[in-house]
Amino acid sequence: DAGITQSPRHKVTETGTPVTLRCHQTENHRYMYWYRQDPGHGLRLIHYSYGVKDTDKGEVSDGYSVSRSKTEDFLLTLESATSSQTSVYFCAISLGQFRSSYNSPLHFGNGTRLTVT
Amino acid sequence: TQLLEQSPQFLSIQEGENLTVYCNSSSVFSSLQWYRQEPGEGPVLLVTVVTGGEVKKLKRLTFQFGDARKDSSLHITAAQPGDTGLYLCAGGGRTGAGSYQLTFGKGTKLSVIP
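Residues numbered from 1 in each chain as written. Chains lettered and ligands numbered in written order. Predicted model: local features only at pLDDT ≥ 70, side-chain atom pairs only at ≥ 80, totals over all residues. Heavy atoms only, no water.

> I'm lost on the overall build of chain A in this one. Help?
Helix and strand counts for chain A stand at zero helices and 11 strands. The N-to-C order of helical and strand elements in chain A reads β-β-β-β-β-β-β-β-β-β-β. In terms of overall dimensions, chain A is globule-like: its C-alpha atoms have a radius of gyration of 13 Å, near the 13 Å expected for 117 residues. Dimensions along the principal axes, computed over C-alpha positions, put chain A at roughly 40 × 30 × 25 Å. Taking all 117 residues of chain A together, the buried fraction comes to 49%. Sequence separation of 24 or more characterises 55% of the internal contacts of chain A that already satisfy a separation of 6 or more. Accessible area for chain A stands at about 5,600 Å²; split by element, carbon and sulfur atoms hold 45% of it. Each charge sign in chain A was given a centre, from 12 positive and 11 negative side chains, and these centres are 2 Å apart. (Helix = DSSP H or I, 4+ residues; strand = E, 2+ residues; numbered from the N terminus. Rg over C-alpha atoms; globule rule 2.2 N^0.38 Å. Buried < 20%, exposed > 50% of the residue type's maximum accessible area, 1.4 Å probe, protein only. Contact = heavy atoms within 4.5 Å. Areas by Shrake-Rupley, 256 points an atom, 1.4 Å probe, with all protein chains shown as cover. Lys, Arg positive; Asp, Glu negative; His and termini not counted. Charge placed at Lys NZ, Arg CZ, Asp CG, Glu CD.)

Laid out in structure tokens, this is it:
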């Protein structure tokens, strides 16, 4: 079973401060994703990575940056947190059952609940 | 822009009843996935369907992919309290931004009352 650990699980921060969320996987899956989940919006893709140092933007990438210096770690940074970034953030890996990554099912972590005051 | 509309948004039923949840779009998807999410946890994959008209069964859950690959349904027979959760559908294909990604619906929140 693919293991994903997100840290921290909960965080409260003030507007304007930088915040970094970490996602760690225990297997060498190539594709990793960051989503945010908000009531009324569902899951929306922020950024994704298709390998070490290879990342791309999703549909709601403004105000976020990512880094992937090792296969197992994918970091999400809120450069200057705003109240609109209060959300639950999920990391996911692609299980790669299909040739195309967008058809392959995702395995999710248990999320980080971030509150920006 | 690819949109997946799920209905109903909320559903509260008695234990033992049957129910159907729908996932509709005007776009064609190359695959359709269903997930269930419980409070405080991430979504967990239930099934992936890839062929138009495909039907898959998972115990009391029956999943169908529309012939035109634009819609899907999830039918639960004799619902149990353990079926309670948020059901999400996700379609794989080209997004409005031109990239190929999974697009998620907003979910159906199911409560099964004992």
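> For this particular structure, what's the right way to read the overall build of chain B?
When its secondary structure is counted, chain B shows zero helices and 11 strands. The order of α-helices and β-strands along chain B, N terminus first, is β-β-β-β-β-β-β-β-β-β-β. For chain B, the C-alpha radius of gyration of 14 Å lies close to 13 Å, the compact-globule estimate for 114 residues. The proportion of buried residues among the 114 residues of chain B is 45%. Put simply, 54% of the contacts in chain B that link residues at least 6 apart link residues at least 24 apart. Accessible surface computed for chain B: about 5,400 Å², of which carbon and sulfur atoms make up 50%.

> What exactly am I supposed to notice about the state of the cysteines here?
The bond known as a disulfide is covalent and runs between the sulfur atoms of two cysteines. All names here are of chain A. Counted by the stated rule, this structure contains two disulfides over all chains. Put simply, Cys23 and Cys91 are joined by a disulfide, and their sulfur atoms are 1.9 Å apart. Linking Cys23 and Cys91, the disulfide has an S-S dihedral of approximately -70° and is accordingly described as left-handed. One end of the pair, Cys23, is in strand S3 (residues 19-25); the other, Cys91, is in strand S9 (residues 87-94), with 68 residues separating them in the sequence. (Disulfide = S-S within 2.5 Å.)

> What is the right way to read the pattern of salt bridges from this model?
Two side chains with opposite charge may pair up if their charged atoms get near one another. Residues and elements named next belong to chain A. All chains considered together, the criterion is met by six salt bridges over all chains. Salt-bridge contacts for Arg22 lead to Asp73; the nearest nitrogen and oxygen are separated by 3.1 Å. With Arg22 in strand S3 and Asp73 in strand S8 (residues 73-78), this residue pair connects regions lying 51 residues apart in the sequence. In this structure Asp73 comes out as buried when scored by relative accessible area, which is 7%. Sharing partners across several salt bridges, the network here consists of Arg22, Lys70 and Asp73. (Salt bridge = Lys/Arg side-chain N within 4 Å of Asp/Glu carboxyl O.)

> Before we go on, may I ask you to explain the interface of chain A and chain B in this structure?
Chain A puts 20 residues into the contact, and the matching count from chain B is 22 residues. Taking both partners together, chain A and chain B bury about 1,600 Å²; carbon and sulfur atoms supply 57% of that area. The tally of links between chain A and chain B comes to zero salt bridges. Our enumeration of links across chain A and chain B arrives at seven residue pairs in polar contact (both at pLDDT 80 or more). (Buried area = accessible area lost by both parts, 1.4 Å probe. Polar contact = N/O pair within 3.5 Å; in protein donor to acceptor, adjacent residues only side chain to side chain.)

> Could you clarify how one ought to interpret the sheet that holds strand S1 (residues 4-7) of chain A in this entry?
The strands that make up a sheet are held in pairs by hydrogen bonds between backbone atoms, and each pair lies either parallel or antiparallel. Residues and elements named next belong to chain A. Read from one edge of the open sheet, four strands run S1-S3-S8-S7, paired in antiparallel fashion. Pairing within the sheet leaves two strands with one partner each, and these edge strands are S1 and strand S7 (64-70). The mean inter-strand angle of the sheet, taken between neighbouring strand axes irrespective of direction, is 20°. The pairing of S3 with S8 spans six bridges and is antiparallel. Paired with Val19 across the bridge in S8 is Leu78. (Pairing = 2+ DSSP bridges. Axes fitted to C-alpha atoms, helices over the stretch in contact; angles between N-to-C directions.)

> Explain the sheet that holds strand S6 (residues 55-58) of chain B here, please?
Residues and elements named next belong to chain B. With respect to topology, five strands assemble into an open sheet ordered S1-S3-S8-S7-S6, the strand pairing being antiparallel. A strand with exactly one partner marks an edge of an open sheet, and here the two such strands are strand S1 (5-7) and S6. When strand polarity is set aside, the average angle formed by the axes of neighbouring strands in this sheet is 15°. Two elements, S1 and strand S3 (residues 19-24), share three bridges in a ladder whose sense is antiparallel. Residue pairing across strands places Ser7 opposite Tyr22, the latter belonging to S3.

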